[in-house]
Amino acid sequence: MAEVRLLLGFDYGSRQIGVAVGQVITGQARELCTLKAQNGTPDWAQVEKLIKEWKPDALVVGLPLNMDGSPSEMSERAEKFARRLNGRYNLPVHTHDERLTTFEAKGERMARGGQRGSYRDNPVDAIAAALLLQGWLEANTGA
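Here is a short report on the structure shown in this document. Sequence order sets the numbering: in each chain, residues are counted from 1 along the sequence as written. Only residues with pLDDT of 70 or above have their local features reported here, since the model is predicted, and side-chain atom pairs are shown and tallied only from 80 upward, although totals for entire chains, interfaces and linings are computed over all residues. Where side-chain values are given, they derive from all heavy atoms of the structure, hydrogens and water being excluded.

Moving on to the packing of aromatic side chains. Each Phe, Tyr or Trp ring, with Trp reduced to its six-membered ring, pairs with another whose centre is within 6.5 Å; inter-plane angles below 30 degrees give stacked pairs, above 60 give edge-to-face pairs, and intermediate values give tilted ones. Enumeration according to the criterion identifies four aromatic pairs in this entry. Their ring planes at 75 degrees and their centres at 5.7 Å tell us that F10 and F81 sit as a pair that is edge-to-face. Taken together, the residues F10 in strand 1 (residues 6-11) and F81 in helix 2 (residues 73-89) connect sequence positions 71 residues apart. For F10, a relative accessible area of 1% gives the class buried. Three exposure classes are used, based on accessible area relative to the maximum for each residue type with a 1.4 Å probe and protein chains only: buried under 20%, partly exposed in between, and exposed over 50%. Taking the relative accessible area as the measure of exposure, F81 reaches 3% and is therefore buried. Helix numbers and strand numbers start at the N terminus; a helix is a DSSP run of H or I with at least 4 residues, a strand a run of E with at least 2.

It is worth spelling out helix 2 at this point. The end-to-end C-alpha separation of helix 2 is 25 Å, in line with the 24 Å expected for 17 residues at 1.5 Å each. Directly after helix 2, the chain includes N90, whose backbone phi takes a positive value near 50 degrees. An expected span of 1.5 Å times one less than the residue number is assigned to each helix.

So, about the side chain of D125. Assignment of secondary structure puts D125 in helix 4 (residues 125-141). One buried charged residue, D125, remains without a salt bridge, the closest side chain of opposite sign being K36 at 7.5 Å. Throughout, a contact is declared for two residues whenever any of their heavy atoms are within 4.5 Å. With residues up to four places along the chain from it excluded, the contact list for D125 reads D11, Q16, I17, G18 and T34. The sign given to each residue is positive for Lys and Arg and negative for Asp and Glu; His and the chain ends receive no count. Here, a salt bridge means any side-chain nitrogen of Lys or Arg that lies within 4 Å of a carboxyl oxygen of Asp or Glu.

On to the nonpolar core. F10, V61, F81 and L85 are the most contacted members of the largest nonpolar core, which has 22 residues in total. Elements that contribute at least two residues to this core include exactly strand 1, strand 2 (16-23), strand 3 (28-38), helix 1 (44-54), strand 5 (58-63) and helix 2. By residue number, the principal contributor to this core is helix 2, which donates five residues. Those residues in contact with F10 that lie beyond four places of it in its chain are I17, G18, V19, L59, V60, V61, G62, F81, L85, A129 and L132. Formed by 12 residues, the second largest nonpolar core is a distinct cluster that contains A20, A29, V60 and L133. In this description, a nonpolar core means a group of buried Ala, Val, Leu, Ile, Met, Phe, Trp, Tyr and Cys residues linked to one another through side-chain atoms lying within 4.5 Å.

Moving on to the environment of D57. Following the sequence through the fold, D57 ends up in the loop between helix 1 and strand 5. Within the local environment of D57, its side chain forms a polar contact with the backbone nitrogen of R5, the two atoms lying 2.8 Å apart. Counting of polar contacts relies on pairs of N or O atoms within 3.5 Å, with two restrictions inside protein: one atom must be capable of donating a hydrogen and the other of accepting it, and residues adjacent in sequence are counted only when both atoms are side-chain atoms.

Keep in mind these values describe shape, not function.
Here you go:
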């Protein structure tokens, strides 16, 4: 397997998909953007643009498990999204337990100076994507 240096992380949702970028060398991830989705389907042209721009070595998709660790309906949809990413872009796709990342992302937003308006108007999906990607980096690279 080729050495993984740069990753894109996706916080999958039915209306929005948060995207983050992370580097294995620094072990750091940061938020990138939020993509709109229609019933869980993104604008694939936007995804392709991100892949071409960032040239990631691998992708990480958050797996929204139930609190007891069992699969949820959304985790099945996130796994399907991960398979589609792999099929379309022929990149390794990893899934990572993302329980509590949206909750943590809301806390992070508050720590940065509070939430302006609703989460629908000012989503935290990209922050959640950065948190889940950071978690994957820590679990898989010793960062």
